Amino acid sequence: MGTDMDGVIESRRADGRWRMEFDLLDFSPPRDYVAWDCLFGVRGTGDVERPLFADRGLPDDVSDPVREAAFGDGQHGHTHLSWADAGAVDWDEPLASRPAWYWTHRSDPGGEHLVRVTPTLRTAAGELFGGGGLLLAPPEWPPGAEVHLDGAVYRPVVLTARMLAPPDEGCWAEVWGAMRHLAADHGDEHVRLTVWFG
């Protein structure tokens, strides 16, 4: 059984009250566990040690309709961020202190790619660096190591937010664009995204 995400974008009015501007589902977010791990620390594999906006809970001044929607059966992973928070992110900062276990950098005639580590790659690395039938993921490779396999070169990679949840692509570009537009009218601290999972 999968996990789904829900949430809202709100703005704070002059009277201090928050008003819903968009339902997150208006942006048709895909079930993207990779982006959710990066952004919110939900459904992670362990490759992201420092998600951007994890474990913040619901805002203290959350509106009643949002509180009611966010606390249904099985809802979890509640967190929130202001546009000021999103605007302060360095999308190229490492999200971990070590190379990813499940991801690698691949160079081939078609260009540069972030790809998932396959059993075939782990086997090739084991034969190259360890012998004896070992399966080695990129963090277990020697420093500076690379694996040549089927016309491609694989290197360990330390993940960044830009790799996993690019801010200028897909539904997240639309979410950030909506928040940016609202912040121009209300101020960066007066626009927020609140999300939860179930």
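None of the values given here were measured: they were computed from a predicted structure.

Criteria and cut-off values
- Residues numbered from 1 in each chain as written.
- Predicted model: local features only at pLDDT ≥ 70, side-chain atom pairs only at ≥ 80, totals over all residues.
- Heavy atoms only, no water.
- Pairing = 2+ DSSP bridges.
- Helix = DSSP H or I, 4+ residues; strand = E, 2+ residues; numbered from the N terminus.
- Axes fitted to C-alpha atoms, helices over the stretch in contact; angles between N-to-C directions.
- Contact = heavy atoms within 4.5 Å.
- Buried < 20%, exposed > 50% of the residue type's maximum accessible area, 1.4 Å probe, protein only.
- Core = buried A, V, L, I, M, F, W, Y, C linked by side-chain atoms within 4.5 Å.
- Phe/Tyr/Trp six-rings, centres within 6.5 Å; stacked < 30°, edge-to-face > 60°.
- Lys NZ or Arg CZ within 6 Å of the ring centre and 35° of its normal.

Undergrad: Would you mind showing me how to read the sheet that holds strand β3 (residues 76-82) here?
TA: The strands that make up a sheet are held in pairs by hydrogen bonds between backbone atoms, and each pair lies either parallel or antiparallel. Taken in spatial order, the four strands line up as β2-β1-β8-β3 in an open sheet, and their pairing is antiparallel. This sheet does not close on itself; its edge strands, each paired only once, are β2 (18-23) and β3. With direction set aside, neighbouring strand axes in the sheet form an average angle of 25 degrees. Taken together, the five bridges between strand β1 (residues 5-12) and β2 define a ladder with antiparallel strand orientation. Within β2, the residue paired with Ile9 across the bridge is Phe22. Of the strands in this sheet, β1, β3 and β8 (191-197) are in contact with helix α1 (residues 33-40), which crosses β8 at around 125 degrees. The strands that helix α6 (residues 170-186) touches are β1, β2, β3 and β8; relative to β8, the one it contacts most, it runs at about 145 degrees.

Undergrad: Just to check I follow, could you spell out α1 for this structure?
TA: Since there are 3.6 residues in each turn of an α-helix, residues three or four apart along the chain are aligned in direction. By the criterion of burial, α1 is predominantly enclosed, with six of the eight residues buried. Of the residues making up α1, those classed as buried are Ala35, Trp36, Asp37, Cys38, Leu39 and Phe40. Lining the buried residues of α1 we find β1, β3, α5 (161-164), α6 and β8. Once α1 finishes, Gly41 follows within two positions and takes phi at roughly 70 degrees, a positive value.

Undergrad: Honestly, the nonpolar core in this entry has me stumped. Any pointers?
TA: Where a protein is soluble and globular, its nonpolar side chains tend to be buried together. By size, the foremost hydrophobic cluster in this structure holds 37 residues, and its most contacted members are Phe40, Trp172, Trp176 and Leu193. The dominant element in this core, judged by the number of residues it contributes, is α6, at eight residues. If you look at the next biggest cluster of nonpolar residues, it comprises eleven residues, including Ala124, Ala125, Ala145 and Tyr154.

Undergrad: Help me out: how do you make sense of the pairing of β3 in this one?
TA: Successive residues of a regular strand alternate their side chains across the two faces of the sheet. Counting buried positions along β3 gives five out of seven residues, so the element sits mostly inside the fold. Bridge count between β3 and β8: five bridges; the pairing is antiparallel. Paired with His80 across the bridge in β8 is Thr194.

Undergrad: What is the right way to read the environment of Pro99 from this model?
TA: Summarising the element assignment, Pro99 is placed in the loop between α3 (83-87) and β4 (103-108). By relative accessible area, which is 24% here, Pro99 ends up partly exposed. In this structure, the C-alpha to C-alpha distance between Pro99 and Val158, residues 59 residues apart in sequence, is 4.4 Å. Beyond its immediate sequence surroundings of up to four residues, Pro99 is in contact with Pro139, Pro156, Val157 and Val158.

Undergrad: Help me understand the packing of aromatic side chains, please; the structure alone is not making it clear to me.
TA: A ring pair, where both rings are aromatic, is described by two values, the distance of the centres and the angle of the planes. Taken as a whole, this structure holds eight aromatic pairs when the rule is applied. One aromatic cluster is present, formed by Tyr33, Trp36, Phe40, Trp91, Trp172, Trp176 and Phe197 through successive ring pairs. Above the plane of the ring of Tyr33 lies Arg43, whose end atom (NZ or CZ) is 4.0 Å from the centre. The ring of Trp18 carries Arg192 above its face, with NZ or CZ at 3.7 Å from the centroid.

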